[in-house]
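Residue strings, one per chain:
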Amino acid sequence: MHGLRRVPENLSGRGDKVMEDKYDVVVVGAGPAGSTAAYSAAKNGARVLMVDRRRELGVPVQCGEAIAEDILNELGIKPDRRWAVNRTNAVKIVSPSGIEIRISEKKVTGKVGYVLNRKVFDKFLAVRAVKAGAEAMIGSYVNGLVFKNGRIGGIRGVGLDGKFEVAADVVIAADGVGSRVARWAGLNTALRFDDIETCAQFQMVGVDFESLSMLEFYLGSRISPGGYAWVFPKGDDLANVGLGVLGSRAERRPIEYLRDFVSRMPGLSKGKIVEVNVGGVPVCGPIEETVGDSLMVVGDAARQVNPLTGGGIDSAMRAGTIAGEVAAKAVEEGDTSKERLKEYERRWKEAMGKRLTRYLKAKEILLGLSDGELDKLAEVLRGVKFDRISLTDMLKVLVKANPKLLWKLRGLL
Ligand SMILES: Cc1cc2nc3c(=O)[nH]c(=O)nc-3n(C[C@H](O)[C@H](O)[C@H](O)COP(=O)(O)OP(=O)(O)OC[C@H]3O[C@@H](n4cnc5c(N)ncnc54)[C@H](O)[C@@H]3O)c2cc1C
């Protein structure tokens, strides 16, 4: 035991047990990445502490809440109506001039999805981690790393009862888009102006949309410069309506674009706003290095977000699962060096590295297209019957119709 300060009993969330002050693994952040990492590390036998500054996990919501079903299948998580509130199997993409492309998933290929209630889902993932044996310290802000002989040896912060320090063999940085843990450890997580999509979202009631099972996406520099607007149905007349913009292209705040978007859509403008969410999504592709001695970085902190769609829940959970497992094994073997932890980096890259790179390229190509060019692409795709939601299928149709595009789209096919 080389703990520095005993954590008071009432922070443990388990009144009958005094929290230990030395853990095998400390996870900073209890979003999808952190809770999944904590679960996986605990399942693999590690003593785990998960720390989050929020007093209520998942709140405020900073998410459109759409998720593909495949990640749940992959991790053996059964969808529960309490958090998987609406099932989706179709997508509508609307071009700047209003040309609609519809894709419905005919086969069950894993692209069926859900609109979540993140307030319940994030809590569910945290409870799952605690049930697997992890401790949770909620309402506790981590404000620094503890170094021992020049190497990461734990974290320090401020909790409900004041300052605390906890020793750990491995620290997992799952502290989201504004991550500071990785930076404290010397990793480069700097985001440039164009690396981040700034988003605003209304949860609206009393709205009309085409179908409860359809996710709607709207493109165009007037609607959402450098991004897109979305309508994700959550219930009969309830939907998340939001958009993201790139700072370098937007002339106004995202919420102003969102108000305009809503006012131009008759099915939405008659609705009432019952929640306002804002947040940033890193759309630059993953950071170069996601491990250091006694350190791993997961989820938005590692920028493991799909740069085209801004969806990051699935990659956060995938990376968290791998990180937790590798951390537990490394601690058991008594080797938490960067070299040993590289297994995490190798495995998450195998699982999703190529896909994220491809989506980054696709995003860059799309950003280079004018509204007129987007309309032309939509014209080509409009009549085609797609029976699965696949970027590759769309690209193949585009290149067939317009071989000149092959040069622009090279590397994506
Ligand atoms: C408007 C918007 C819409 C989005 N829509 C979608 C969508 O529809 N589908 C999708 O898949 N993704 C979506 N995303 C992205 C998605 O929300 C993230 O990719 C996902 O939440 C990443 O999970 P995470 O665990 O890495 O980070 P987070 O969910 O951000 O969790 C990080 C946690 O770390 C905690 N934390 C941070 N710093 C500290 C600290 N110093 N001390 C203690 N705790 C700390 C925070 O309180 C938080 O709980 C959206 C994002 C935004 C902003």
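A brief structural summary. (Residues numbered from 1 in each chain as written. Predicted model: local features only at pLDDT ≥ 70, side-chain atom pairs only at ≥ 80, totals over all residues.)

**Thoughts on the overall build of the protein**
Part 1: Within the protein one finds eleven helices and 18 strands.
Part 2: Here the C-alpha atoms of the protein give a radius of gyration of 22 Å, agreeing with the 22 Å that 2.2 N^0.38 yields for 413 residues.
Part 3: Along the three orthogonal principal directions, the C-alpha set of the protein runs to about 65 × 45 × 40 Å.
Part 4: Sorting the 413 residues of the protein into buried and exposed places 44% on the buried side. (Helix = DSSP H or I, 4+ residues; strand = E, 2+ residues; numbered from the N terminus. Rg over C-alpha atoms; globule rule 2.2 N^0.38 Å. Buried ≥ 20, exposed ≤ 12 C-beta atoms within 10 Å, placed from the backbone.)

**A few points about the sheet that holds strand β4 (residues 84–88)**
Part 1: The antiparallel open sheet is built from three strands, whose spatial order is β3-β7-β4. Where the open sheet ends on each side, the last strands, each with one partner, are β3 (66–68) and β4. Strand-to-strand twist of the sheet, defined as the mean angle between neighbouring strand axes without regard to direction, takes the value 30 degrees. (Pairing = 2+ DSSP bridges. Axes fitted to C-alpha atoms, helices over the stretch in contact; angles between N-to-C directions.)

**Brief notes about the sheet that holds strand β6 (residues 100–104)**
Part 1: Spatially, the seven strands line up as an open sheet ordered β6-β5-β13-β14-β15-β12-β16, and their pairing is mixed. Since the sheet does not close on itself, it has two edges, and those belong to β6 and β16 (272–282), each with one partner. Taking each pair of neighbouring strands and ignoring which way they run, the sheet shows an average axis angle of 20 degrees.
Part 2: Sheet analysis places strand β12 (residues 196–205) next to strand β15 (residues 238–246), joined by nine bridges and oriented antiparallel. Paired with Q203 across the two strands is N240, which belongs to β15.
Part 3: Along the sheet, helix α5 (residues 254–264) contacts β12, β14 (229–235) and β15; its crossing angle with β15, the most-contacted strand, is approximately 130 degrees. (Contact = placed C-beta atoms within 7 Å.)

**Concerning the site of the ligand**
Part 1: Taken together, 39 residues lie near the ligand, and G29, G31, G279, G299 and G312 sit nearest.
Part 2: Those elements that place two or more of their residues in the shell around the ligand are α1 (32–43), β2 (48–52), β3, β9 (141–148), β12, β16 and α7 (313–333).
Part 3: Per element, the largest residue contribution to the shell around the ligand is four residues, and it comes from β16.
Part 4: Here the residues of the shell around the ligand sort into 17 nonpolar, 15 polar and seven charged.
Part 5: Taken domain by domain, the makeup of the shell around the ligand includes at least three residues from each of domain 1 (9–59 + 120–191 + 284–363) and domain 2 (66–116 + 193–282). (Near = placed C-beta within 6 Å. Nonpolar A, V, L, I, M, F, W, Y, C, P; charged D, E, K, R; others polar. Domains from an automatic or database assignment.)

**Here we look at the pairing of strand β5 (residues 90–94)**
Part 1: The pairing of β5 with β6 spans five bridges and is classified as antiparallel. Bridging across to β6, A90 finds its partner in S104.
Part 2: Counting the residues between successive antiparallel strands, the hairpin from β5 to β6 contains five residues, one of them, G98, with a positive phi of roughly 100 degrees.
Part 3: Direction of pairing for β5 relative to strand β13 (residues 214–218): parallel, over a ladder of five bridges. What sits directly across from K92, in β13, is E216.

**Structural notes on unusual backbone geometry**
Part 1: V59 connects to P60 through a cis peptide bond whose omega is 0 degrees.
Part 2: You will see that N149, though not glycine, has its phi angle at about 50 degrees, which is positive.
Part 3: As for its placement among the helices and strands, N149 is situated in the loop between β9 and β10 (151–159).
Part 4: N149 gets classed as exposed once you count the C-beta atoms within 10 Å, which come to 5.

**A word on the environment of M296**
Part 1: Examined against the element boundaries, M296 turns out to sit in strand β18 (residues 295–297).
Part 2: Overall, the presence of 34 C-beta atoms within 10 Å leaves M296 in the buried class.
Part 3: M296 sits 99 residues away from L395 along the chain, and the two C-alpha atoms are 35 Å apart.
Part 4: Those residues in contact with M296 that lie beyond four places of it in its chain are V170, I172, T290, V291, A323, A327, L341 and Y344.

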